[in-house]
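Residue strings, one per chain:
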Amino acid sequence: MPRLPLVTLPDRSWLDGLGPVEGLEIVPWDLHATPARADEIEVVVPPYLDSAVDLSHLAALPLLSVVQLLTAGYESVAPHVPDGIRLCNAAGVHDASTAELALALTLASLRGIPEFVVAQQDSTWLPIREWPALADRKVLVVGYGNVGRAIVERLLPFEVDVAVVASRSRDGDDLVEIVHGIDELPQLLPAADVVILIVPLTASTTGLADAAFLAAMPDGSLLVNVARGKVVDTDALLAETRSGRLRAALDVTDPEPLPADHPLWQTPGVLVSPHVGGASSAFLPRARRLVRAQLEAYAAGSPLANVVLPR
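Residues numbered from 1 in each chain as written. Predicted model: local features only at pLDDT ≥ 70, side-chain atom pairs only at ≥ 80, totals over all residues. Heavy atoms only, no water.

K.L.:
With reference to specific residues and values, describe the packing of helix α2 (residues 95-110) against helix α4 (residues 146-155).
P.N.:
Axis separation between α2 and α4 bottoms out at 8 Å; the angle between their running directions is 50°. Regarding the angle of α2 to α4, the classification is oblique. Seen from above, α2 lies across α4 with right-handed handedness. Contact with α2, carried on its side by Asp95, Ala96, Thr98, Ala99, Glu100, Ala102 and Leu103, involves Asn146, Val147, Ala150, Ile151, Arg154 and Leu155 of α4 and no other residues of that element. (Axes fitted to C-alpha atoms, helices over the stretch in contact; angles between N-to-C directions. Helix = DSSP H or I, 4+ residues; strand = E, 2+ residues; numbered from the N terminus. Parallel < 35°, antiparallel > 145°, perpendicular 65-115°, else oblique. Left-handed = near helix turned anticlockwise from the far one by under 90°. Contact = heavy atoms within 4.5 Å.)

The following block contains the structure:
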């Protein structure tokens, strides 16, 4: 009987949840140590959010053909993927979770939820004041891929004026009339009450929200980062938030994790969540659907989705 292509999933629960895939043999592997059958493995699905994963093991798999990630970001994995091996990300899996968090951070920051939490801990009833609503705000979404579109879908029912930015300008779709190019940011930022960052981390987006970017945002506006920490210049953001001119809601930071003594923790108007954009109950069913579709395509010799390397 011919040998079936060998696939690894993160653990036994993944095998149980996914079930068998015709034409493939599937075994668990957490990438903590070299597997017993390293010379047979063709497809690897690394664990999600596991700090013990050792990606250097990928180089020891002579038949490796595909690495399927459970994250949309792949910049930290790419250097460990041997030349010519297909690397697929999890585009689409985290859209709902990340979009929900972007909206939650925006609403929480605008409506004063962090202050209410502190007051509740002190059993203090705060005096009534007017908090900024999301309604009637001008929101600029920087990054209009899958997640950016999911964010816009959730923003529109809140009666906002939304503009979106991608790497280059193009015609709009059923949600927006036009997609602006990133070169238009200097003209768009001064009108934005809320700026939501959801760009991938690349050489061109590292430090995108620098001192000039932040200075172009109007007084009292809010920066929401659900992209990557290095997209924002932390020192420049600290200068703007410490002065009280800008506020920020950050699911990602630079450095990350944020050290206990970092000034961002104590800066008024800054809300920090610990990089949990994709960590919700919406993740697993969507991840399973993607992995099953990819494995079925691999078994059939069909093209794979979400191939990010080789380009």
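From this point, things continue past the structure.
K.L.:
Describe in detail the environment of Leu110, supporting the description with residues and values.
P.N.:
Residue position: Leu110 is located in helix α2. Judged by relative accessible area, Leu110 falls into the buried class, the value being 2%. For the pair formed by Leu110 and Arg247, sequence separation is 137 residues and the distance between their alpha carbons is 9.1 Å. (Buried < 20%, exposed > 50% of the residue type's maximum accessible area, 1.4 Å probe, protein only.)

K.L.:
An account of the pattern of salt bridges is requested, with residue identities and associated values reported.
P.N.:
Counted under the stated rule, the structure contains twelve salt bridges. Close ionic contact of Arg37 with Glu40 constitutes a salt bridge, the shortest N to O distance being 2.8 Å. The partner of Glu296 in a salt bridge is Arg292, and the shortest N-O contact between them spans 3.0 Å. One end of the pair, Glu296, and the other, Arg292, are both in helix α8 (residues 283-300), four residues apart, so they sit about a helical turn from each other. Residue Arg292 is classed as partly exposed on the basis of its relative accessible area of 24%. Beyond isolated ion pairs, a larger network of salt bridges with shared partners links Arg149, Glu153, Asp173 and Asp174. (Salt bridge = Lys/Arg side-chain N within 4 Å of Asp/Glu carboxyl O.)

K.L.:
Give a detailed account of a nonpolar patch on the surface, specifying residues and quantitative values.
P.N.:
Together, Ile113, Phe116, Val117 and Leu126 make up a nonpolar patch on the protein surface, roughly 300 Å² of accessible area in all. You can see Leu126 is positioned in the loop between α3 (113-121) and β6 (138-142). For Leu126, a relative accessible area of 34% corresponds to the partly exposed category. (Patch = residues over 30% accessible without salt bridge, like charges linked within 9 Å, V, L, I, M, F, W, Y side chains within 5 Å. Areas by Shrake-Rupley, 256 points an atom, 1.4 Å probe, with all protein chains shown as cover.)

K.L.:
How would you sum up the nonpolar core? Please name residues and give values.
P.N.:
Counting residues in hydrophobic clusters, the biggest one holds 30 residues, and the most contacted among them are Val141, Ile151, Leu155 and Ile196. Contributions of two or more residues to this core are made by α2, β6, α4, β7 (161-166), β10 (194-197) and β11 (222-225). Per-element tally for this core: the top contributor is α2, with seven residues. Leaving out residues up to four positions away in the same chain, Ile196 has contacts with Ala102, Thr106, Val139, Leu140, Val141, Val142, Ile151, Leu155, Val224 and Val226. The next biggest cluster of nonpolar side chains, apart from the first, holds 28 residues, and it includes Leu188, Val199, Ala236 and Leu238. (Core = buried A, V, L, I, M, F, W, Y, C linked by side-chain atoms within 4.5 Å.)

K.L.:
Just give me the short version of the sheet that holds strand β12 (residues 247-250), but keep the residues and values in it.
P.N.:
With mixed pairing, the eight strands of this open sheet are ordered in space as β8-β9-β7-β6-β10-β11-β12-β13. Strands at the two margins of the open sheet, each flanked by one partner only, are β8 (170-171) and β13 (270-272). Examined bridge by bridge, β6 and β10 share four bridges and lie parallel to one another. Directly across from Val141, in β10, lies its bridge partner Ile196. Docked against the sheet, helix α7 (residues 234-242) engages β11, β12 and β13, running at close to 130° with respect to β12. (Pairing = 2+ DSSP bridges.)

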